[in-house]
Amino acid sequence: MANLGAVQLNYGCGADECLRLVENLEANALILHINPLQECVQSHGDRNFRGLFPKIAELCQRLPVPVIAKEVGNGISGKMALRLIEAGVAAIDVAGAGGTSWAKVEGERATDAQQRRLGQTFAEWGLSTADCIQDIRTLDTKVPLIASGGLRTGLDAAKAIALGADLAGMAYPFLKAAHESEEDLYELVEILLAELKTVLLCTGTASVADLNHSQFVNAIFY
Ligand SMILES: Cc1cc2nc3c(=O)[nH]c(=O)nc-3n(C[C@H](O)[C@H](O)[C@H](O)COP(=O)(O)O)c2cc1C
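Rules used throughout
- Residues numbered from 1 in each chain as written.
- Predicted model: local features only at pLDDT ≥ 70, side-chain atom pairs only at ≥ 80, totals over all residues.
- Heavy atoms only, no water.
- Near = heavy atom within 4 Å.
- Polar contact = N/O pair within 3.5 Å; in protein donor to acceptor, adjacent residues only side chain to side chain.
- 1 Å grid on protein atoms, 1.4 Å probe; cavity = no way out; pocket = protein on both sides within 12 Å on 5 of 7 lines; lining within 4 Å.
- Sits in = over half its atoms within 2 Å of the grid points.
- Nonpolar A, V, L, I, M, F, W, Y, C, P; charged D, E, K, R; others polar.
- Domains from an automatic or database assignment.

A. Structural view of the site of the ligand. Lining the immediate environment of the ligand, one finds 16 residues, of which Lys70, Thr100, Gly150, Arg152 and Ala171 sit closest. At a separation of 3.5 Å, an oxygen atom of the ligand approaches a polar backbone atom of Gly149. One of the backbone nitrogen or oxygen atoms of Tyr172 is found 3.1 Å away from an oxygen atom of the ligand. A molecule is said to occupy a pocket when more than half its atoms come within 2 Å of that pocket's grid points, and by this definition the ligand occupies the largest pocket. Taken together, the residues that form the shell around the ligand break down as seven nonpolar, seven polar and two charged. Looking at the shell around the ligand, you find at least three residues from each of domain 1 (2–150) and domain 2 (171–222).

This is the structure in structure tokens:
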């Protein structure tokens, strides 16, 4: 899946360029990340988010592959999800708050005092992953939902799926393991699988898919 900042649609990367990008990469989907807070804290960030919805809608119509929308760690609300679904996106990754904080990263990277201060102020800001999933699942839509942002264990993944997500994603744990060794990466996958299987066995659930919106949501949480 190719990945591009949605704001780039306002900075010279239009539907034609995206089409070429997807074709050149032979991508199966285009993920658009919507990251206003990151761009605000980033020194010289791209902050013109005006008029993006019609451009996203055009993209969804013209691309031969699905367009997926995501945040990068500050969450997507039900209201925002609705507008994205109306624009034609095929799936949403809420990428909520609670894990990797790009405000923190960009603040640390910044060399000027104002951007550093912005990063500190907004370090923990955003909608939590759990709140986003629950909010979007109150909508009258079955849009495929990916939960990411702060998930660290197979139990976290099971909780997110029990709340209504279809898939669970993790960034930081995989990057941390990969930074050590390839072996650590495989070990992480084994641990995550063991944690998921433990949830399934202890709740008498046949498959991960059966966890989705399951009656065991209370058992899994407490
Ligand atoms: C080092 C790093 C690089 C990332 N780069 C991107 C990116 O290029 N595009 C994107 O959509 N999200 C990117 N993300 C955000 C993740 O996909 C995810 O939404 C966010 O980090 C929350 O998940 P986590 O708490 O498991 O890290 C990146 C995350 C990390 C840690």
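B. Representation of the domain arrangement of the protein chain. Split by domain assignment, the protein chain resolves into domain 1 (2–150) and domain 2 (171–222). Put simply, the middle of domain 1 and the middle of domain 2, counted by C-alpha atoms, are 25 Å apart.

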